[in-house]
Amino acid sequence: MNCWKDNVKKVVPYTPGEQPQIKNVVKINTNENPYPPSPKVYEAMKNFDADNLKKYPDPLIGKLIEAIAEYHNIDKDMVFAGVGSDDVIGMAFLTFFNGDKPILFPDITYSFYDVWADLFGIKYEQIPLLEDFTIRKEDYIRENGGIIIANPNAPTSIALDIDDIEYIIKNNPSSVVIIDEAYIDFGGVSALGLVNKYDNLLVVRTFSKSRSMAGARIGYAVGCKDIIKYLNDVKYSYNSYTLSNLTIDLGVASIKDDEYFRNIVNKIIETREKYSAELKKLGFTVLDSSSNFLFAKPSGINAYDLFEELKRRNIFVRYFNKQRINEYLRISVGTDKEMQILIDNIKDIIG
Ligand code: PMP
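Residues numbered from 1 in each chain as written. Predicted model: local features only at pLDDT ≥ 70, side-chain atom pairs only at ≥ 80, totals over all residues. Heavy atoms only, no water.

An account of the site of the ligand is requested, with residue identities and associated values reported.
For the ligand, the full set of nearby residues is G84, S85, D86, Y110, D180, A182, Y183, T206, S208, K209 and R217. In the environment of the ligand, a nitrogen atom lies 2.6 Å from a nitrogen or oxygen atom belonging to the side chain of D180. For the ligand, the accessible surface in isolation is 400 Å², of which the surrounding protein chains cover 91%. The element contributing the most residues to the shell around the ligand is helix α3 (residues 84-96), with three residues. (Near = heavy atom within 4 Å. Polar contact = N/O pair within 3.5 Å; in protein donor to acceptor, adjacent residues only side chain to side chain. Areas by Shrake-Rupley, 256 points an atom, 1.4 Å probe, with all protein chains shown as cover. Helix = DSSP H or I, 4+ residues; strand = E, 2+ residues; numbered from the N terminus.)

Below you can see the structure in the form of structure tokens.
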């Protein structure tokens, strides 16, 4: 007997970080920003007329796309927006990765890439990072149906040199190369400067980290006009109304407040450097971070045991039970106060 379950697409889903529903926790496990969004976002929220909700939002996401284009000083036809960068990247996989050859990405990287590839039936090859978790650019010069690289990479926190990125884009003219810049505002050099030079480049950004708006779900991509047109064709074949009226207004308000944005990004970088040094003093190996998180290997205690003990104390960090990185913890940079609580507790635990 046939069963409807025979026709189900069976996939192993992505596992997001835990969102504890209790108060008074130190939550440094999902690379959220510890600071609130810009005061201009609060203002836009207050000024939003709920009456607008009766109408569909602008399918072109015009106001936000124009604000992003103006911010980066590019043409609005070079910008695509979606429901967080997850939506943008998923859409890009669907649009550009349709060849017979496998797409390439590192073995240690954002763990959604292989999930999308499996969901969409895209072949992929995971290229091992070097022993020190860096990318060897020459490894990406081989037959492929596309490339995606997170820069800075996650969960390693390490940025790839812009010359190496350009080398990969330049030597793969027949593939779309996606550079996922979720963390670029915290370090590293953006590939945005290359979009006018290479028609096979798509740079993806998010409001979730540096703009403190993970809950609003805004992501965008920048590329040549052709690449953006193809992305929009797929978007309009799937869901034309991605961002809500409200979200569009909030996004515009955020991008117009550059001073606030720079201020909180700088604060996070300062805290990152301070607490990276503190962890090193406790004997941790801490990778050189260009992001809003630290990737650190404890000493004197196993990473999993430390993760569990911190959790018991209501301090949430991220542990990946995955070969090569199962001795590390990924610690998002919180406020100085939160980071100090973390350090004090680690000291208490390791004695
Ligand atoms: N890319 C990377 C490398 C990430 O770590 C994340 C956050 N989980 C995302 C993309 C997606 O972020 P968002 O959908 O919130 O924009």
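Report on the nonpolar core, specifying residues and quantitative values.
In summary, soluble globular proteins display a tendency toward joint burial of nonpolar side chains. Judged by nonpolar contacts, the single largest core of 52 residues is most densely connected at L64, Y140, A191, L201 and F207. Beyond its immediate chain neighbours, meaning those up to four positions away, L64 contacts F207, I218, L243, I248, G251 and V252. (Core = buried A, V, L, I, M, F, W, Y, C linked by side-chain atoms within 4.5 Å. Buried < 20%, exposed > 50% of the residue type's maximum accessible area, 1.4 Å probe, protein only. Contact = heavy atoms within 4.5 Å.)

Would you mind going over the pattern of salt bridges in detail, with residue names and values included?
Taken as a whole, this structure holds 24 salt bridges when the rule is applied. Among the ionic pairs, D75 bridges to K225, the shortest N-O distance being 3.5 Å. Placement of the pair is D75 in the loop between α2 (62-72) and β2 (79-82) and K225 in helix α6 (residues 225-235), with a sequence separation of 150 residues. On the accessibility criterion, D75 (34% relative accessible area) is partly exposed. Residue class for K225 comes out partly exposed when judged on its relative accessible area of 43%. Between K137 and E138 there is a salt bridge, and its shortest N-O distance comes to 3.3 Å. (Salt bridge = Lys/Arg side-chain N within 4 Å of Asp/Glu carboxyl O.)

Requested: an account of the sheet that holds strand β10 (residues 293-297), with residues and values cited.
If you trace the four strands from one edge of the open sheet to the other, you get β9-β10-β13-β12, paired in antiparallel fashion. Each edge of the sheet is formed by a strand with only one pairing partner; in this case those strands are β9 (285-286) and β12 (318-319). Bridge count between β12 and strand β13 (residues 329-332): two bridges; the pairing is antiparallel. Each bridged residue has a counterpart across the sheet, and for R318 the counterpart in β13 is R330. Each of β9, β10 and β13 is contacted by helix α8 (residues 258-281), which is oriented at about 10° to β10, the strand it contacts most. (Pairing = 2+ DSSP bridges. Axes fitted to C-alpha atoms, helices over the stretch in contact; angles between N-to-C directions.)

Explain the pairing of strand β7 (residues 201-206) residue by residue, including any values.
Most of β7 is tucked away: six of the six residues are buried. Residues L201, V203 and R205 point to one face of β7 and L202, V204 and T206 to the other, with burial holding for every one of them. For β7 and strand β8 (residues 219-223), the ladder comprises five bridges, and the chain directions are antiparallel. Across the sheet, the residue bridging to V204 is A221, located in β8.

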